[in-house]
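Residues per chain are reported as follows:
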Amino acid sequence: MNPIIEFCMSNLANGSEESFAKLEQDPNLDVLEYGCLSYCSQCAESLFALVNGEIVEADTPEELTKKIYEFIEENPLF
């Protein structure tokens, strides 16, 4: 089972699209895009994604990608 990375469409438009595109190319991840994840205040304040249901946030797309990989490494599914 691959880690699930979920992005909000509004957050993609706010700058996380670069991170989404990079993660989407990793065959060991399931990267999904939703119209809204219902984290509107989070979405307005920073770039973020849900990783296996947990919020991972950052100030830049590069930092977000790095933090997502770090989160996955520190929190394996099994």
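Think of each chain on its own: its residues are numbered from 1, step by step along the sequence as written. Under the rules for a predicted model, residues below a pLDDT of 70 receive no local features and side-chain atom pairs below 80 are neither given nor counted, while totals for whole chains, interfaces and linings still include all residues. Values reported for side chains reflect all heavy atoms of the structure, with hydrogen atoms and water molecules removed beforehand.

Where we set the bar: UniProt positions are given in the numbering used here, feature names are shortened, and annotations may be inferred rather than shown by experiment.
With an unreviewed UniProt entry as reference, the chain is termed UPF0349 protein DFR62_3052, source organism Planococcus citreus. As recorded by UniProt, the Sequence similarities (unreviewed entry) comment attached to the chain reads in full: "Belongs to the UPF0349 family."

## Here's the deal with unusual backbone geometry
As a reminder of what qualifies: A run of H or I in DSSP becomes a helix once it reaches four residues, and a run of E becomes a strand once it reaches two; helices and strands are each numbered from the N terminus.
Despite not being glycine, S38 has its phi angle at roughly 65°, a positive value. With respect to the helices and strands, S38 occurs in the loop between β2 (30–34) and α2 (40–45). Positive phi values are uncommon outside glycine, yet N52 reaches one of about 50°. Tracing the chain through its elements places N52 in the loop between β3 (47–51) and β4 (54–58).

## As for the state of the cysteines
In protein chemistry, a disulfide is the covalent bond that joins the sulfur atoms of two cysteines. Filter applied, for reference: For the purposes of this analysis, a disulfide is any pair of cysteine sulfur atoms at a distance within 2.5 Å. When accessible area is computed with a 1.4 Å probe and restricted to protein chains, residues below 20% of their type maximum are described as buried, those above 50% as exposed, and intermediate ones as partly exposed.
Considering all chains together, one arrives at zero disulfides under this definition. C36 takes part in no disulfide bond, and the closest cysteine sulfur, belonging to C40, lies 4.3 Å away. Free cysteine C43: the closest other cysteine sulfur is in C8, separated by 4.1 Å. For C43, a relative accessible area of 8% gives the class buried.

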